[in-house]
Every structure is written in C-alpha cells, then in structure tokens.
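As a plain string of letters, each chain reads:
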Amino acid sequence: MGKYLGIDASTQSMTGVLIDTVTGQLEGEYSVNFDACFGSTYGVTNGVLHLGEGVVHSSPLMWAEALDLLLAALRDRGHDLGQVVAVAGAGQQHGTVYLNRTAADVLGALDPARPLRDQVAGIFSRPTAPVWMDTSTRSQCDELEAALGGREALLELTGNTAFERFSGPQIRKFWQTEPEAYGQTACICLVSSFIASLLAGRLVPVDPGDGSGTNLMDIRHRQWSPQALAAAAPDLERRLLPIGLASRVVGRISPYWAARHGLGADCVVVPFTGDNPSSLIGLGLVTPGQVALSLGTSDTLFACMDAPRVSRQGEGAVFASPDDRHYMALVCFLNGSLAREAVRQQFGLDWDGFAAALRATPPGNHGALMLPYFAPEIVPRVGRAGVARRGLEATDTAANVRAVVEAQALSSRLHARWMGVSVRSLNVTGGASANAEILQVYANVHGCPAQCFETTNAAALGAALRACQAQQQAAGGADWHQVVAPFTRPVAGSTIQPDPACRGLYDEALARYEAMENEHAKA
Ligand code: XUL
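What counts and what doesn't
- Numbers given for residues are sequential positions, taken from 1 along each chain in its written order.
- Reporting in this predicted model follows two pLDDT cut-offs: at least 70 for local features of residues, and 80 or more for side-chain atom pairs to be given and counted; totals over whole chains, interfaces and linings ignore these cut-offs and use all residues.
- Hydrogens are left out, water is left out, and the side-chain values use all remaining heavy atoms of the structure.
- The buried label applies to any residue whose accessible area, calculated with a 1.4 Å probe on protein chains only, is under 20% of its type's maximum; exposed applies above 50%, and partly exposed to all values in between.
- Comment: elements are numbered from the N terminus, with helices defined as DSSP H or I runs of at least four residues and strands as E runs of at least two.
- Strand pairing is assigned whenever DSSP detects at least two bridges linking the two strands.
- Nearness is defined per residue: one heavy atom within 4 Å of the molecule or strand is enough.
- Two N or O atoms form a polar contact when they lie within 3.5 Å of each other; inside protein one atom must be a possible hydrogen donor and the other a possible acceptor, and for residues adjacent in sequence the pair counts only when both atoms belong to side chains.
- Note that accessible areas follow from Shrake-Rupley with a 1.4 Å probe, and for residues the cover is restricted to the protein chains shown.
- Grid points spaced at 1 Å over the protein atoms alone were grouped into cavities, where a 1.4 Å probe fits but cannot get out, and pockets, open sets with protein on both sides within 12 Å along at least five of seven lines, with lining residues defined by an atom within 4 Å of a point.
- Whether a molecule sits in a cavity or pocket is decided by its atoms, more than half of which must lie within 2 Å of the grid points.
- Charged means Asp, Glu, Lys or Arg here, nonpolar means Ala, Val, Leu, Ile, Met, Phe, Trp, Tyr, Cys or Pro, and polar covers whatever is left, Gly included.
- Fitted lines through C-alpha atoms serve as axes, helices being fitted only where they are in contact, and the angles separating the N-to-C directions of these axes extend from 0 to 180 degrees.
- Throughout, the term roughly parallel applies to angles under 35 degrees, roughly antiparallel to angles over 145, roughly perpendicular to angles from 65 to 115, and oblique to all others.
- Here, residues are in contact when the closest pair of their heavy atoms is within 4.5 Å.
- Working definition: rings of Phe, Tyr and Trp (its six-membered ring) pair if their centres are within 6.5 Å, and the pair is stacked with planes under 30 degrees apart, edge-to-face with planes over 60 apart, and tilted otherwise.
- Either the NZ atom of lysine or the CZ atom of arginine qualifies as a charge over a ring when it sits within 6 Å of the ring centre and within 35 degrees of the ring normal.
- Salt bridges are identified by distance alone: a Lys or Arg side-chain nitrogen within 4 Å of an Asp or Glu carboxyl oxygen.
- By convention here, the domain bounds are inherited from an automatic or database domain assignment.
- Put simply, buried area is the surface a 1.4 Å probe can reach on two separate parts but cannot reach once they are joined, added for both.
- Grid points are joined across faces, edges and corners, and a volume is the space filled by probe spheres set on the points.

A. Highlighting the pairing of strand β2 (residues 13–20). When you tally the buried positions in β2, you get eight out of eight residues, the bulk of the element. Here β2 shows a buried face lined by Ser13, Thr15, Val17 and Ile19 and a second buried face lined by Met14, Gly16, Leu18 and Asp20. Relative to β2, strand β1 (residues 3–9) is paired through seven bridges, and the arrangement is antiparallel. Looking at β2, one finds that Gly6 is bridged to Val17. Here β1 hands over to β2 after three residues, the two strands then running antiparallel side by side. Strand direction decides the pairing type here: β2 and strand β3 (residues 25–33), joined by eight bridges, are antiparallel. Residue pairing for β3: Ile19 is matched across the bridge by Leu26. Between β2 and β3, which pair antiparallel and follow one another directly, the connecting turn spans four residues, one of which, Gly24, has a positive phi of 70 degrees.

B. A look at the sheet that holds strand β8 (residues 129–130). Spatially, three strands are ordered β4-β5-β8 in an open sheet, and the strand pairing comes out antiparallel. Two strands in the sheet have a free side with no partner beyond their single neighbour: β4 (49–52) and β8. In this structure, β4 lies alongside strand β5 (residues 55–58), joined through three bridges in antiparallel fashion. Bridging across to β5, His50 finds its partner in Val56.

C. Fine view of the site of the ligand. Taken together, Gln93, His94, Trp132, Arg165, Asp275 and Asn276 make up all the residues around the ligand. One of the side-chain nitrogen or oxygen atoms of Arg165 is found 2.8 Å away from an oxygen atom of the ligand. Measuring from an oxygen atom of the ligand, one finds a side-chain N or O atom of Asp275 at 2.4 Å. Taken by itself the ligand offers 290 Å² of open surface, and the protein chains cover 84% of this. Structurally, the ligand is housed in the largest pocket. Grouping the amino acids of the shell around the ligand by side-chain chemistry returns one nonpolar, three polar and two charged.

D. Focus on the packing of helix α5 (residues 138–147) against helix α7 (residues 167–177). At a minimum axis distance of 9 Å, the contact between α5 and α7 shows a crossing angle of 110 degrees. It follows that α5 is roughly perpendicular to α7 by the angle criterion. Of α7, the residues touching α5 (which contributes Gln140, Cys141, Glu143 and Leu144) are Pro169, Arg172, Lys173 and Gln176. Looking at the contact of α5 with α7, its residues break down into three nonpolar, two polar and three charged.

E. Spatial organisation of the packing of aromatic side chains. Per the counting criterion, the structure on display carries seven aromatic pairs. Taking 4.9 Å as the distance between ring centres and 85 degrees as the angle between the ring planes, the aromatic pair formed by Tyr256 and Trp257 counts as edge-to-face. The two residues Tyr256 and Trp257 agree in class, both being buried. Aromatic rings pair up to connect Tyr98, Phe174 and Tyr182 into one cluster. Just above the ring of Phe163 sits the side chain of Arg165; from NZ or CZ to the centre is 5.1 Å.

F. Here's a closer look at the pattern of salt bridges. Applying the stated criterion to the full structure yields 22 salt bridges. Among the ionic pairs, Arg238 bridges to Asp235, the shortest N-O distance being 3.7 Å. In this structure Arg238 comes out as exposed when scored by relative accessible area, which is 58%. Residue class for Asp235 comes out partly exposed when judged on its relative accessible area of 48%. The residue Glu406 makes a salt bridge to Arg402 at a minimum N-O spacing of 2.9 Å. You can see Glu406 and its partner Arg402 sitting in helix α16 (residues 397–414), four residues apart, about one turn around the helix.

G. Structural context of the domain arrangement of the protein chain. By the assigned domains, the protein chain splits into domain 1 (3–277) and domain 2 (284–454 + 492–523). Using C-alpha coordinates to define each centre, domain 1 is positioned 33 Å away from domain 2. Contacts between domain 1 and domain 2 engage 24 residues on the former and 18 residues on the latter. On the domain 1 side of the interface with domain 2, the three residues burying the most area are Ile219, Arg222 and Asn276, jointly 30% of the side's total.

H. Seen up close, the layout of surface pockets. Counted as a void, the largest pocket has a volume near 1,100 Å³. What lines the largest pocket is a set of 42 residues, and nearest its centre among them are Trp132, Phe163, Arg165, Leu330 and Cys332. Those elements that provide at least two residues to the lining of the largest pocket are α5, α6 (151–158), α13 (275–282), β17 (317–320) and β18 (327–333). By residue number, the principal contributor to the lining of the largest pocket is β18, which donates three residues. Class assignment of the residues belonging to the lining of the largest pocket gives a composition of 14 nonpolar, 18 polar and ten charged. Two domains each provide a minimum of three residues to the lining of the largest pocket, namely domain 1 (3–277) and domain 2 (284–454 + 492–523). Considering only enclosed or pocket space, the second largest pocket measures out at about 540 Å³ in volume. Examining the composition of the lining of the second largest pocket, we find that six residues originate from one element, helix α20 (residues 503–522), more than from any other. For the lining of the second largest pocket, the class distribution of residues is ten nonpolar, six polar and seven charged.

I. Spatial organisation of the environment of Trp175. Residue position: Trp175 is located in helix α7. Sequence spacing of Trp175 and Ala232 is 57 residues, and the spatial spacing of their C-alpha atoms is 8.8 Å. Residues in contact with Trp175, not counting those within four places in the same chain, are Tyr182, Ala232, Ala233 and Pro234.

J. Looking closely at the side chain of Thr429. With respect to the secondary-structure elements, Thr429 resides in strand β21 (residues 425–429). Of the residues examined, Thr429 reaches a relative accessible area of 7% and is grouped as buried. Those residues within four positions of Thr429 in sequence are excluded, and the remaining contacts are Leu283, Leu293, Ser294, Leu295, Phe453 and Thr455.

K. Looking closely at unusual backbone geometry. Here the bond from Val379 into Pro380 is cis, since omega is -5 degrees, no more than 30 degrees from zero. One can find Pro380 in the loop between β19 (369–373) and β20 (386–390).

Encoded structure:
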C-alpha cells in the first residue's frame, strides 16, 4: 500500500493522477496541454496534425517531451515522487509509433543530465504517428477483411470489424505507401506501449486491452493472430513484441526518471493500456453486468462483460479488459445531450422545467414513443437526421420531454442486449447525471439501481488503480474490488432504485420501440 501514479496520454494532453491507497485520497493531478505547451514547436492543433485527405497524425517526440514536463511539474508542485510505488498508464487508442533499430539501446542508456526529447529524437523510423482520428485507410480495411475471410470472420477473430482508425489498417497503409521506412522499422508500438517504454527504459509489450484496438489480436486468446499479422503487412510479427498480461509488472523504472525527477529506484512500471479500457477500471467496472453511462454531447456506454461477445449489427467495439479476466463493450449513441438539448430548447425550458416535465408524466408516457434522431445516429446506424413520433403530439411539451429520455434509455437497453449480461447497476456520469428524474427513467427502464458518479479523468485514475493492483499482485495478492472501491464510490445519496411496478411496462415498451426502430430502418 502506498502512492501510485496513473498517466493518461490522450489526444490533447498528458495527465498524471497520484493516489494514496492508505488515505484513500486522490492526492494530486496535473495536465500538460499539448497546444499550450508545444503548439508552435510541433505545429499541432488540438494535439494533432491534419495532413489532408483524412490523414491525422501527431508527434511521438512531443509526447516524450510532455512526459518529462509532466513529471517535472508534479515534482515542482511538491509531490514526493520518491514515494510512488508503481506507475501505469493509458494512451489514446489505435495510434502507432514506429521505431528504428537504435531505439532499444537508446532507451536503455538514457542520461538524466539531458532532456528526454534530445535523446530519443533519433529513434523513430517515421517522424509522426497516425492517431485514432485518421480516416484514410478504407481500402486497407477492405483488404484486411477480405484476406481474413470477410467482415464476419474478422469480427469473430478480433472482436471488431475493420475500422479506419485501428492500428492494423494503419500499419498496412504505412507498408504500402512507405515500404522503405517500413523496412527500417524494428518495432511498432501503440501510444500506450511507447510511453510505457520511455518510463521503463526498454521496449514494453502491448497489453490485451489496447491490443484489441488493432484488428490484429485474437480476442479470445489475447495474443496477436498470426493470420491477421500476415494479412496486414510482411514480417509484422517480428516488429511487435508478444502481447503480455496487463497486470504483470514490467520491471523497475528507468534510472533516468529516478535521477531526473526523484522517482524511487524501486518504483515499478506496469504496462499501459488504451484510454477506454483504462476508464473501465477508473469507473469501477470489474464485475460483469456493471455498466457506466456517460451522458455527454453523445452518450457513451461502458460495460464489463464475462466473455468476448460481439455485435453483428456493429453496435459496439469490444476490447479485452485490462483486469486480465473480463471484456469491455463500448457503445456510442450520437444523440445524447444533443437530443435532450434540442427538446429543451424547442419548448423553451430550463433544466428545472425539463425535470418537472418528467415528474408530470407517467412512466411509459401513455404508450407514446419517439425515435430521437436529431442528428444522424451511430447506434443504430441511421444515415439521415429525422425525429419520428408515435402516439405523441409534436406540441405536447411534457410528453416530448419524457419521450426523448425514455427513447434514450430504451435504446441503451436494446443495444446492450448483444453483450449477453444482465445489467446489475448503472454508474451514470456527465452533465445530465445530476438530474435525479433522468436517473429514475434509466433505473426503471433497465430494472436496476442507477447512481450518479462524478469523474474527472477516469482513464488516469484507472491507470493509478491498475498500478496498485499489479504491484499488490506481484507482492502476493490483490483483490480488484478492494482496489477500486475506495476511489469509485457513487455520489453519496444519489442511488435511485427501480420501481418494480415499471418492469413489465418497459418490457412491453422495449418491444414496441424495437419494432419502430426496425420499421424506420426499412423505410
Ligand atoms: C476508441 C477511440 C477513441 C480514442 C481516443 O475506439 O477511437 O476513444 O481512444 O480517446
């Protein structure tokens, strides 16, 4: 037990979170914003370089410089980094970093008297790294699916169909368009394993959580799929380290960090994972059936699953959980706050008025239904905006308010069915989670307790919790629940129980909602 550091290398910033497991407190947090600190040096806007035609990259050298700056800033803010027992982290998913054959030696001999940036500037075989916003690999996606027996076959093998942003198609494109630079690449890291390698002073394997975002990992065996690697690019297997366990300590931190920023010589490094798998832990989801719902501009559902089930309708991405036991599902509904706001504004309500409208209408809304496609929808796939109403007057304020929230809750239940787990609890985060009336609708529709959950940086917190679990496991034993519980408590008094009388009512509403959705898809 002691202090643990979690680092989140995200798109726009790098954040460190320090936790103390003795006091159960979040002890410190600091963020290095890429645009503010390095925008002019590296030319990034919102952390990335838009290179045209859907090509979006970032600078791995900038990330290295940010890591040096982050640890210096934490130390300068009075945190005794010498007390940190273990460090783990998260990275924006799917991004790839290409290293030449000097990388391993350079990382192993870092000089604490010189900035990291100057020492690692020469280790890249590709100066920039494609990131998750890159959409330039459609043909490589098609080729990868075809080579592996089609879309369904890739889905079964890796848990996901091919996506432009996933690492496999990105690596394939690099080999096709820059074969010489690909030939000079000795090692391909993900953003996560690259930052872990800088800390460990040696090349650190990809973890299964982030490996799931490559289209190259056999999701059941949590290892690279030899067929997928062969289909993506030649000699790829020797350019990747074998996938390791997410919670197995890699080794001691590089002496560079001890000498330069005062980390303890015994501090250990735990593999980094993707930001979403890390958030799963930071949201406390370590038991199948635990679900978190972030009610933001779009609504995002995170769930812990007991098995790597996949959605043939493409409703969600599936990743291995970095707890090394479970799986996670990620479902994104585009019409989140966007739709709630549209209704609120249409009827000239403030949020109190919105809540009052929910109180004034009965569960089930007298059978009225709405399909809330104020913008084209991701889940289910709806190409064109268009709101559909059934048994609902477009001018009825209260009924429309209830209809939009019930539609969102019903949709979240409908499109979580493929996960094959019964939802046992809902941790609701984001702006709308403070609204008890909205929570009540979700609790009733899902038939389980819903609670408000405050989080600022779930990915970085999840990383710190993973550091703690892995270090305790190495020392003899660790229980995931005991590790996450003190840091992932719902807001006191926010738990809302489902009304048992609503169960049958919403089962029936769900069937009608599904039928309406299907009819809309056919129309
Ligand atoms: C998930 C995804 C993003 C990135 C950046 O598939 O592309 O969420 O992980 O945060």
